[in-house]
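The chain contents come next:
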Amino acid sequence: MYRTHTCGALRITDKGSEVCLAGWVQRLRKLGGMTFIDLRDRYGITQLVIEEQAPVDLHHTVDLLGREFVIQAKGKVLERSNKNTKIDTGEIEIAVSELVILNAAQTPPFTIEDETDGGEELRAVYRYLDLRRNPLKRAIMLRHTMAHEVRNYLSGQRFLEIETPVLIKSTPEGARDFVVPSRMNLGQFYALPQSPQTFKQLLMVAGYDRYFQIVRCFRDEDLRADRQPEFTQIDCEMAFVEREDVLNTFEGLAKHLFKSVLCDYMGHGQHPRFSQPFPRMSYADALRYYGTDKPDIRFEMKICDLTSLAQGHGFGVFDSADYVGGICAKDAADYTRKQLDELTEWVKRPQIGAKGLVYVRITSEGIKSSVDKFYTPELLQQWATQMGAVEGDLMLVLCGDVKKTQEALGALRLEMGNRLGLRKKEDYAPLWVYDFPLLEWDDETQRFYAMHHPFTSPKPEDLAKFCSNGKEDLKQVCANAYDFVINGVEIGGGSIRIHDTEVQKRMFEVLGFSQADADYRFGFIINAFKYGAPPHGGIAFGFDRWCAVFGGSESIRDYIAFPKNNSGRDMMLDAPSYIDAAQMKELALESTAVGKS
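Residues numbered from 1 in each chain as written. Predicted model: local features only at pLDDT ≥ 70, side-chain atom pairs only at ≥ 80, totals over all residues. Heavy atoms only, no water.

1. Quick notes on the pairing of strand E5 (residues 92-103)
In step 1: With two bridges joining them, strand E3 (residues 44-50) and E5 adopt parallel strand pairing. Bridge pairing in E5 places Leu 48 opposite Ile 94.
In step 2: Bridge analysis of strand E4 (residues 70-79) against E5 gives 10 bridges, and the strand direction is antiparallel. Opposite Gly 75, over in E5, you have Val 96 as the bridge partner. (Pairing = 2+ DSSP bridges. Helix = DSSP H or I, 4+ residues; strand = E, 2+ residues; numbered from the N terminus.)

Rendered as structure tokens:
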């Protein structure tokens, strides 16, 4: 037996017990003739003490130790004279009678501490060492708890967890597929699934009316802090449902996770929003008031349309714009000229794309702006009334193309929310967004693309427009789709699916697929619908993102045991890597000039 207890288990009630612990040496401290060792494992830290009068061979073993050595220690539990209230085992220590080195260790390339001296790239190379640190340990444990509670809740709602294939057929639309060459079918390729979309629909046809899976998915796309080439979804589907059935079911899942994980496990305490129905917002209103389809509603500062008030007063920049809009930053009228100039440069960055920024301060001395030459205080007061601005507030105004300006104002709103401390990590604001456009028109390719995927159903009231051949009619068709958003992060998305063969064929036609191409790519699901497909719909949640939001992080990497970097590389494995000439030949692939032979 390597251990009788873990390093986080012992308490003052164990005083006098003979115990055996095993773990890693966190640190050593020699004080006179005594040595103190902090022994760490996944469960916590326990202090070991080697007393001055301990046997010589025990002191000799201690002299061999270094950081991260794996050791076993036997001894008696004592009450500590200098208690450490910061750790659970801080009232006790172990008077060591026997010490065994189970494995020596080289000095690690960075300190295994909460605040480490290792850079991100170095820690990625030694990910197994980074995972020993408490911040990552907490992240991985949070992930486990989330998965456990998801399974508990959905199983209690009669969902079945069913695995679907990983080697599938490549399909168009969406992100790029990762492809896998087939040795037994030379010249042909599998694809790794971007999601189990078609399989879960086939399960509905098969009669498994409530399905879920915590599933690995793969997308060959450009990466950001909240994207990885392989990621995990909570994938769900239900039969004989309408939109309200789906939203109510998975709002229940979200509330369960808020309570069981955020409140009970993480100790955040109850939150009034968790027990109330989640707010709902149309896609059009999300863009109009927040400049994004994933609004952060933890704070106000809605976008306000000022076009009719701002135009016609001789300011050519506004007069020639399609749209003039602004936000009101409460209690920010004391922003200095330097701060406002810096904000102006911020909105001019390529990521935002604004050409300039107009500001209006409302102070005790009156209204002052950067456009006083064109607007009287009375006219600017009309802006303030429209925006709900009062003394002490700062109005920030942009203009240009409607959609681009709303998006820029949305980005500026989030930036001001950060600067004014309004986006508090301990606050959570869930939201449903619905009534997305079904289709997106691309001027370059002169064709429509599915805004979600080709199996999303039009809203029933828009079916006539969907069957029309008019481009403008098709642009106005709303999808029977919905997204779940928390704190400005899209956590999940889904839709009611097409279950009628003729409507599905019409969708492929609108997307520009020939009959032959549609049959080749999706013939299996079109044929399945002929055998009695029930009305069905579902949703998929980004599991990694949800973990990161609950953990208060903008990056999902800490919540994935072995993530990739921004270039899609595994720095620890040095992957992707070349394969040798024999493997290339076996797969009937031409060897590249840079490949290894």
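That shown, we press on.
2. Concerning the packing of helix H4 (residues 134-156) against helix H6 (residues 243-265)
In step 1: Following both chains from N to C, one finds H4 and H6 inclined at 140°, their axes separated by 10 Å at the closest point. In terms of orientation, H4 lies oblique with respect to H6. For the pair H4 and H6, the crossing hand works out as right-handed. In contact with Met 141, Leu 142, Thr 145, Met 146, Glu 149, Val 150, Tyr 153 and Leu 154 of H4, H6 contributes Thr 249, Phe 250, Gly 252, Leu 253, His 256, Leu 257, Ser 260, Val 261 and Tyr 265.
In step 2: The residue makeup of the contact of H4 with H6, split by class, is 11 nonpolar, five polar and one charged. (Axes fitted to C-alpha atoms, helices over the stretch in contact; angles between N-to-C directions. Parallel < 35°, antiparallel > 145°, perpendicular 65-115°, else oblique. Left-handed = near helix turned anticlockwise from the far one by under 90°. Contact = heavy atoms within 4.5 Å. Nonpolar A, V, L, I, M, F, W, Y, C, P; charged D, E, K, R; others polar.)

3. What about the pairing of E3?
In step 1: The buried fraction of E3 amounts to six of the seven residues, a majority that puts the element mostly inside the structure.
In step 2: The pairing of strand E2 (residues 34-41) with E3 spans seven bridges and is classified as antiparallel. When the sheet's bridge partners are listed, Asp 38 is paired in E3 with Gln 47.
In step 3: The hairpin turn running from E2 into E3, its antiparallel successor, is two residues long. (Buried < 20%, exposed > 50% of the residue type's maximum accessible area, 1.4 Å probe, protein only.)

4. Digging into the packing of H4 against helix H18 (residues 543-551)
In step 1: Where H4 meets H18, the closest approach of the two axes is 10 Å, and the angle between their N-to-C directions is 120°. Viewed along their axes, H4 and H18 adopt a mutual orientation that is oblique. Seen from above, H4 lies across H18 with right-handed handedness. In contact with Leu 142, Arg 143, Met 146 and Ala 147 of H4, H18 contributes Phe 543, Asp 544, Trp 546, Cys 547, Phe 550 and Gly 551.
In step 2: For the contact of H4 with H18, a count of residues per class yields seven nonpolar, one polar and two charged.

5. Some details on the pattern of salt bridges
In step 1: One pass over the full model with this rule turns up 42 salt bridges.
In step 2: Close ionic contact of Arg 29 with Asp 38 constitutes a salt bridge, the shortest N to O distance being 3.2 Å.
In step 3: Overlapping salt bridges, with partners in common, bring together Arg 243, Glu 244, Arg 280, Asp 435, Lys 459 and Glu 461 in one network. (Salt bridge = Lys/Arg side-chain N within 4 Å of Asp/Glu carboxyl O.)

6. Concerning the packing of aromatic side chains
In step 1: The final tally for this structure, using the stated rule, is 27 aromatic pairs.
In step 2: Between Phe 258 and Phe 550, the aromatic rings sit 5.4 Å apart at their centres with planes inclined by 35°, giving tilted as the arrangement. Of this pair, Phe 258 sits in helix H6 while Phe 550 sits in helix H18, and the two are 292 residues apart along the sequence. In terms of burial, Phe 258 and Phe 550 fall into one category: buried.
In step 3: Ring centres of Phe 455 and Phe 508 lie 6.4 Å apart, and the angle between their planes is 90°; this geometry places the pair in the edge-to-face category. On the criterion of sequence distance, the pair formed by Phe 455 in the loop between strand E19 (447-450) and helix H14 (463-467) and Phe 508 in helix H16 (residues 501-510) is long-range, its members being 53 residues apart. As far as the burial class goes, Phe 455 and Phe 508 line up, both buried.
In step 4: Taken together through their ring pairs, the aromatic side chains of Phe 159, Phe 250, Phe 258, Phe 278, Tyr 428, Trp 432, Tyr 482, Phe 484, Phe 541, Trp 546 and Phe 550 make up a single cluster.
In step 5: Sitting over the face of the ring of Tyr 434, Arg 243 holds its NZ or CZ atom 4.6 Å from the ring centroid.
In step 6: The ring of Tyr 289 is capped by Arg 288, whose NZ or CZ atom sits 5.9 Å from the centre of that ring. (Phe/Tyr/Trp six-rings, centres within 6.5 Å; stacked < 30°, edge-to-face > 60°. Lys NZ or Arg CZ within 6 Å of the ring centre and 35° of its normal.)

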